[in-house]
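Structure at a glance
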Amino acid sequence: MLIPPISCAANTNRQQSNRHASFPVFGQEIVTRLMELGVVEIFEPGAFLFLRGARDVDMFVVVDGEIEIIEKIGQMTGNTFAVLGRGQFTGELDLLDSRRTLFDCRAITRSRILRINRSMLRQIIRSEIEIADLVMQACMGRRSDIVRDASGGVTLIGHKHSADTIRLLRFLTRNGHPYTMLDPSTNADANSLIHSFDFQQAHLPVVLLGDQTVLRNPSTALLSDELGLTDVSDRTTVYDVAIIGAGPAGLAAAVYAASEGLSTVVIEGNTPGGQAGTSSRIENYLGFPTGVSGQELSDRSLAQAQKFGARFAISRDVVTMRREKNIYALHLEDGEPVTSRTVVIATGARYQKLNLPNYERFEYQGIHYAATAMEAGLCLNQEVVVVGAGNSAGQAALFLSQTSKCVHLLIRGERLETTMSNYLIQRILSSRRISLRVRSEIVRMDGEDCLQEVTWRDNAIGKIESRAISNVFVMIGARPRTQGFCHDLAVDAKGFIMTGGAVASESLFGTNLEAVFAVGDVRSGSVKRVASAVGEGSVVVSDIHKYLASTKKADSAYSVPARGVVPAYMPAVMQALPQGF
Ligand SMILES: Cc1cc2nc3c(=O)[nH]c(=O)nc-3n(C[C@H](O)[C@H](O)[C@H](O)COP(=O)(O)OP(=O)(O)OC[C@H]3O[C@@H](n4cnc5c(N)ncnc54)[C@H](O)[C@@H]3O)c2cc1C
């Protein structure tokens, strides 16, 4: 795909003007301010500022001259993604964490370039609002350009109904990583690549990284590492707060904790966003009158948390949690511990499954627990089944009805009124593409390599119906994710973590274990909503401050941060920042 390079002078059409929003220009006053905080370097024409694949690359501001951001295909130079002139700067989301850069950058003309190192950049983002806004706008905008154009991304070759292909596709999509998907059943390029790399069908799916490294059916943890999405390489830091789970509750806790100066690490077993990240459209979250996709909410929250310095370990489950000398050690799947003075458990809930023979065989090869644009793309103009009578099932049915031939919405009860919001019911009843099947349940699923036929029964009259359907969306509620690492925690009869008065904790979110808090869906008595999860995640941070302040004498590394008085990049304030930032 040929991507037109952008230069700061050109502004001729809408797409270019959108791209201009991603490439702001620092005015002379800002450049002068920044000159005191960085180092000026000279680059001759053709000299590289950085190479694709590098981590922790500094930000470069063009003082004079012109540089270009270029894609690489294998060892070959590909498209020019952007041309940057005076006052413009390099970087995208890779400025906020340690992910690998997707592009090379080299000087076109002899250029005077200001290098701002990353630790200084973090100080600037925290203290200089005007600069922070421009940098954040550029980071988010450039990443969305990159994902849209699949620039600098990976190539995923696999059959679209294969469970592993869908797993990798979902991982890339939900982590906002650019990719091109090639299905050998329908795409000639996929077959040429299979031939030229000498892959067997058994190797599929394969991921070709930008440098042509081949990953054969990689685990999501391996892919995450190869892409550089895991940001916690230094395991010696003792954090003020470790948050387990990056759903709305965990992300909110991360934003508030990091913005209030606590050194913060978030460990996420899968991809940030949690259940909310799988929702195509959240319509009842305050401030979004036309709704917001879970993915967008999660991308924005992640960037916000990273902007304040929170660290993320993506695709790593916490498997054990132990306390020694007032420090918790959280062991991740890779065996390495992350240590912290306090822990926030925000592990949410996991989807319930139907009790049917063959069920596991078709999971992710026809059975889905989320209905986003990615899943909708798998069943364009086909019939689909949605099972469930709650709001998530209603949202899924409506969303899928926009692109599917027909949505059969199966509910066991007689009516939707007791379980679904009225606005969803009205839309479902007036949709010509949704067929509501009351008192009905699936009794069989059949297929060879993937799901091909679904059979359900109308329990009122005993009528059995089979249809050629390859995609079933199961939305029948969720159970708390308190397994494994949480053995010593007090839980209620359904397994939700008990907090507050129920376990004699002074904090509403305190558990029976000292310095361990629980927020969001995993907490007993919580309201299972995005807004309440976000609320709990933000409020718990004040209890963490109280706890850390109470242990201050025993642990002198923590100091209640003074906020907003002196610019954070002043040396005295830098020394006062908690470690890990
Ligand atoms: C399809 C769908 C649509 C929805 N729509 C709406 C809506 O429109 N409005 C609304 O208000 N609510 C909606 N909800 C409910 C809402 O999404 C949840 O209430 C909310 O996401 C709960 O947030 P949470 O952070 O507590 O948990 P979760 O969102 O469940 O996030 C928990 C995170 O923890 C991670 N995790 C779990 N165990 C571990 C471990 N051991 N180690 C590391 N990480 C771990 C998980 O991978 C997950 O990312 C919807 C839910 C679904 C499923």
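Please read these numbers as outputs of a predicted model, since none were measured by experiment.

**A few points about helix H3 (residues 118–127)**
Judged by how many residues are buried, H3 sits mostly within the fold: seven of ten residues are covered. For H3, the full list of buried residues reads Arg-118, Met-120, Leu-121, Arg-122, Gln-123, Ile-124 and Ile-125. Regarding H3, its N-cap is Asn-117, as a side-chain oxygen of that residue lies 3.1 Å from the backbone nitrogen of Ser-119 further along.

**Digging into the sheet that holds strand S23 (residues 440–446)**
Across the sheet, three strands lie side by side as S23-S24-S25; this open sheet has antiparallel pairing. Lying at the two open borders of the sheet, with one neighbouring strand each, are S23 and strand S25 (463–467). Averaged over all neighbouring strand pairs, the angle between strand axes comes to 25°, with direction disregarded. Of the strand pairs in this sheet, S23 and strand S24 (residues 453–458) are connected by six bridges, and their pairing is antiparallel. Residue Met-445 lies in a different strand from S24, and its bridge partner there is Val-454.

**Examining the nonpolar core**
Of all hydrophobic cores here, the largest spans 67 residues; its most connected members are Phe-312, Ile-345 and Val-540. A total of seven residues in this core trace back to one element, the largest contributor, which is helix H8 (residues 248–259). Summarising the domain contributions, this core has at least three residues from each of domain 2 (154–227) and domain 3 (238–350 + 510–559 + 568–575). If sequence neighbours within four positions are ignored, Ile-345 has contacts with Ile-244, Phe-485, Cys-486, Leu-489, Ile-497, Val-516, Phe-517, Ala-518, Val-519 and Val-522.

**Brief notes about the domain arrangement of the protein chain**
Domain assignment breaks the protein chain into domain 1 (14–148), domain 2 (154–227), domain 3 (238–350 + 510–559 + 568–575) and domain 4 (359–476). Here the C-alpha centroids of domain 1 and domain 4 sit 46 Å apart.

Calculation rules
Residues numbered from 1 in each chain as written. Predicted model: local features only at pLDDT ≥ 70, side-chain atom pairs only at ≥ 80, totals over all residues. Heavy atoms only, no water. Buried < 20%, exposed > 50% of the residue type's maximum accessible area, 1.4 Å probe, protein only. Helix = DSSP H or I, 4+ residues; strand = E, 2+ residues; numbered from the N terminus. Polar contact = N/O pair within 3.5 Å; in protein donor to acceptor, adjacent residues only side chain to side chain. Pairing = 2+ DSSP bridges. Axes fitted to C-alpha atoms, helices over the stretch in contact; angles between N-to-C directions. Core = buried A, V, L, I, M, F, W, Y, C linked by side-chain atoms within 4.5 Å. Domains from an automatic or database assignment. Contact = heavy atoms within 4.5 Å.

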